[in-house]
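Letter by letter, the chains look like this.
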Amino acid sequence: MGNNKTARKPAMILLAVTILAGLITGCSGNNSENSSTSTSASGTSETENNTSSTGKIVELKLFVDQPWWPLKDWSGSIPEEITKQTGVKLNITVATDEKQLPLMIASGDLPDLVVTGTNAQLKRLADPSLSYSWQELIDKYAPDFKIDPQYIAVNTADDGSYYTIRNNFSTSAEWKANEKYALNTGAGISVRSDIMEELGNPKVETLSDLNNLFAKVKDKHPEMVPLVLNPNPAWAKGYFATQFGAEKEGFGDKEGQLVHTLRTPELEKMYLYMNELYRSGYVKAENFAYKNEDQAKQIMTSGKGFAYAWTIEGADRLTSETKASGYKWVQLPVKISDTFKVENYGSGWQGVFISKNNKNPEASIKLMQFLMSEEGQRLALWGIEGQDYKMSDDGGYPVFTYDRSSDEVKNEKGIYWWGLLAGSAVNEALGNYVPGTETTKASQQLSELITFKPEVGLVQPAADSQEEVIKNNIATMMQTEEAKIYLATSEEEAKKAFANMAQQADKMGLENLETWANTKYAEVKGNFNQ
């Protein structure tokens, strides 16, 4: 995901980074003091305005363009506290599928607020006929709402306005200021600890070791599936892509040029390895027919699966979900190959748009001001301070009073998920820091190996452009065709299936897309280097 423009004035950026770094450093050192500062800067004062101007709670409709979103209403202690702080209550509608929002956009039938993380919808909603420019609303209703210029730069649309500020982005200065505890997350593989102990806790330091481990499980426990893949393609192949230094999709930087992953030998090697896992009987064919995460996870929680390719949070989350059965899970090492490489192209994920149908733009922009404030982020992502968490002795990270890995607890409280409307990548990462957990140990490994290149993520075609059509067609084709590689009955057949996939991409216009992407990349890099 990304946008077409980035920082154009380094002096402004440097100033903003300096201010933000100072703010974050202050937050780390004295939480209560900074919470108070954040409140007065961007939260409570507006709450008082919202409620006092009307005397009533402002109810707004929010459409969530994520069919998998676990929260279906604005209930729980955290939404209640947000309403208390802002005077705004949200009535939630979660998308039934990915086609619903495009139809709403086409008809102009948008609710007050829309949150989406789909690049095409982000581009479409960045339209003055559909959405308010945030700057327009800030100037009119919230002049004290200050946003870091680098955040604005990566969210600025082609017309020079910004219609949202996406979550899950932080500047390099923010990451640097929190590098001890703000750890990166990514794909990982979780395995049953009791089976590992039974097998003598074999070392897994190479891909050959991993193959040997799966072979032992297959031999000792023929009733179990050695490896289950999450149905999300990003999670299914994420761990293996990093081992081969491959990009899962889209473009990667090769010596200063963008090269589509289908042109790279690294991706082919990854597919061939995963095909080998299937041909060895470690992955079942039916895995590729799963339609949702619950189907795959049920295999694991029922004791029928040994390893699960998911996220590096997987072990802790599975351990929490299988308390009744007593299963425990551990993460495999993040790096098990000499060709390991992981680059972070993130420039933000999902953003909230304030539609032109919005019945209270003032309350809406002030809600976003609160959710983007340090106080609002901590409340929505972490919980109520003193009740759900307290800061560590050095003020560096939150110490939770609830089971952070339990989806059930988070859903009941309405915690974390609503923080994804506006939370920064750093605050999200700080919430994952729990000393001694499998998640933290794996995140520490990953953070030492990751390279940040947000400029690659900013190369995104405009909505409905020819380049976007080509890009989406290739991505859809890959999701369909890659199963033929996974399920090939020989390596030769797998190679042919990969070659066929690359040829289809060429017919769809991959060369034209590459030409456009590199022109755009030069422009983006130029902006970064100013």
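Undergrad: I keep staring at the overall build of the chain and nothing clicks. Help me out?
TA: Helix and strand counts for the chain stand at 23 helices and 14 strands. When the 530 residues of the chain are sorted by exposure, 57% land in the buried category. Once local pairs closer than 6 in sequence are excluded, the contacts in the chain between residues at least 24 apart make up 78%. Of the accessible surface of the chain, which amounts to about 22300 Å², a share of 49% is contributed by carbon and sulfur atoms.

Undergrad: Help me understand the packing of helix α11 (residues 233–244) against helix α12 (residues 265–279) in this model?
TA: Relative orientation of the contacting elements α11 and α12 amounts to 125°, with a least axis distance of 9 Å. Relative to α12, the element α11 lies oblique. The handedness of the crossing between α11 and α12 comes out as right-handed. Between α11, through A236, K237, F240, A241 and F244, and α12, the contact on the second element is made entirely by E266, K269, M270, Y271, Y273, M274 and L277. Of the residues in the contact of α11 with α12, the class split is 9 nonpolar, no polar and 3 charged.

Undergrad: Help me understand the sheet that holds strand β5 (residues 225–229), please; the structure alone is not making it clear to me.
TA: The strands making up a sheet associate through backbone hydrogen bonding, with each pair oriented either parallel or antiparallel. Read across the sheet, 4 strands follow the order β5-β8-β4-β9 without closing on themselves; strand pairing throughout is mixed. Two strands close off the open sheet at either side, each with one partner strand: β5 and β9 (329–331). Each adjacent strand pair in this sheet contributes to an overall mean axis angle of 25°, direction not counted. Strand contacts of helix α13 (residues 293–301): β5, β8 (305–311) and β9, with the helix running at about 140° to β8, the strand carrying the most contacts.

Undergrad: What is the right way to read the nonpolar core from this model?
TA: Most often, soluble globular proteins have nonpolar side chains that are buried together. One finds W134, F240 and F306 to be the most contacted residues of the largest nonpolar core, which totals 120 residues. Counting 13 residues, the second-largest nonpolar core is a separate cluster that includes M104, V114, L122 and F353.

Undergrad: Looking at this structure, I do not really get the sheet that holds strand β2 (residues 88–94). What am I missing?
TA: Taken together, 4 strands build an open sheet; the order of strands is β2-β1-β3-β11 and the sheet is mixed. With one partner strand each, in any of the chains shown, β2 and β11 (351–354) form the two edges of the open sheet. Pairwise comparison of adjacent strand axes, ignoring direction, gives a mean angle of 25° for this sheet.

Undergrad: Would you explain helix α19 (residues 438–447) in this entry?
TA: Three or four residues apart is the spacing at which side chains of an α-helix point the same way, because the helix has 3.6 residues per turn. Taken as a whole, α19 has its buried residues at E438, T439, T440, A442, S443 and L446. Close packing links the buried residues of α19 with α14 (314–321), β9, β10 (342–344) and β14 (450–452).

Undergrad: Can you help me understand the pairing of strand β1 (residues 58–64) in this one?
TA: Looking along a regular strand, one sees the side chains alternate between the two faces of the sheet. For β1, a buried count of 5 out of 7 residues is recorded, marking the element as mostly surrounded by other parts of the structure. Sheet topology places β1 next to β2; 7 bridges connect them, and they run parallel. In the sheet register, V58 faces β2, and the bridge partner there is V88. Taken together, β1, helix α3 (residues 77–86) and β2 form a β-α-β motif whose crossover is right-handed. When β1 meets strand β3 (residues 113–116), the two strands line up parallel, connected through 3 bridges. For L62, the partnering residue across the bridge sits in β3 and is L113.

Undergrad: When you look at α12 in this model, what are you seeing that I'm missing?
TA: Taking 1.5 Å per residue, 15 residues should reach 21 Å; α12 reaches 21 Å between its end C-alpha atoms and fits that length. Among all positions in α12, only L267, M270, Y271, L272, Y273, M274, N275 and L277 are buried. The inward-facing, buried residues of α12 contact α10 (207–220), β5, α11, α21 (466–486) and α22 (491–507). Count one or two residues on from α12 and you reach G281, which has phi positive near 85°.

Undergrad: What am I meant to see in the environment of V330 here?
TA: Its place among the elements puts V330 in strand β9. You can call V330 partly exposed: its relative accessible area is 25%. A C-alpha to C-alpha distance of 5.5 Å links V330 and S190, two positions 140 residues apart in sequence.

Undergrad: Explanation requested: empty space enclosed by the protein in the structure shown.
TA: Rolling a probe over the atoms, with the probe sized like a water molecule, indicates the empty space that remains. Under the definition given, this model contains 1 cavity of 30 Å³ or more. Estimates place the volume of the largest cavity at around 80 Å³. Along the walls of the largest cavity sit 13 residues, with G245, E247, G252, K254 and T264 positioned nearest its centre. Counting residues per element, the lining of the largest cavity draws most heavily on strand β6 (residues 251–254), at 3 residues. Of the residues that constitute the lining of the largest cavity, the class distribution is 3 nonpolar, 4 polar and 6 charged.

Undergrad: I'm lost on the pattern of salt bridges in this one. Help?
TA: Proximity of charged atoms lets side chains of opposite charge pair with each other. One pass over the full model with this rule turns up 21 salt bridges. As a salt-bridge pair, K237 and E482 come within 2.8 Å of each other at their nearest N and O atoms. Taken together, the residues K237 in helix α11 and E482 in helix α21 connect sequence positions 245 residues apart. A residue is classified by how much of its surface remains accessible, and K237, at 5% relative accessible area, is buried. A salt bridge links R263 to E514; its shortest N-O distance comes to 3.0 Å. Of this pair, R263 sits in the loop between β7 (257–260) and α12 while E514 is found in helix α23 (residues 510–529), placing the two residues 251 residues apart along the sequence. According to the relative accessible area criterion, R263 is partly exposed, its value standing at 38%. By sharing partners, the salt bridges in this structure join E313, R317, D407 and K410 into a single network.

Thresholds, definitions, all that
- Residues numbered from 1 in each chain as written.
- Predicted model: local features only at pLDDT ≥ 70, side-chain atom pairs only at ≥ 80, totals over all residues.
- Heavy atoms only, no water.
- Helix = DSSP H or I, 4+ residues; strand = E, 2+ residues; numbered from the N terminus.
- Buried < 20%, exposed > 50% of the residue type's maximum accessible area, 1.4 Å probe, protein only.
- Contact = heavy atoms within 4.5 Å.
- Areas by Shrake-Rupley, 256 points an atom, 1.4 Å probe, with all protein chains shown as cover.
- Axes fitted to C-alpha atoms, helices over the stretch in contact; angles between N-to-C directions.
- Parallel < 35°, antiparallel > 145°, perpendicular 65-115°, else oblique.
- Left-handed = near helix turned anticlockwise from the far one by under 90°.
- Nonpolar A, V, L, I, M, F, W, Y, C, P; charged D, E, K, R; others polar.
- Pairing = 2+ DSSP bridges.
- Core = buried A, V, L, I, M, F, W, Y, C linked by side-chain atoms within 4.5 Å.
- Right-handed = clockwise from strand over helix to strand, strands pointing away.
- Expected span 1.5 Å × (residues − 1).
- 1 Å grid on protein atoms, 1.4 Å probe; cavity = no way out; pocket = protein on both sides within 12 Å on 5 of 7 lines; lining within 4 Å.
- Points joined across faces, edges and corners; volume = space filled by probe spheres on them.
- Salt bridge = Lys/Arg side-chain N within 4 Å of Asp/Glu carboxyl O.

Remember that the coordinates give geometry; whether it matters functionally is a separate question.
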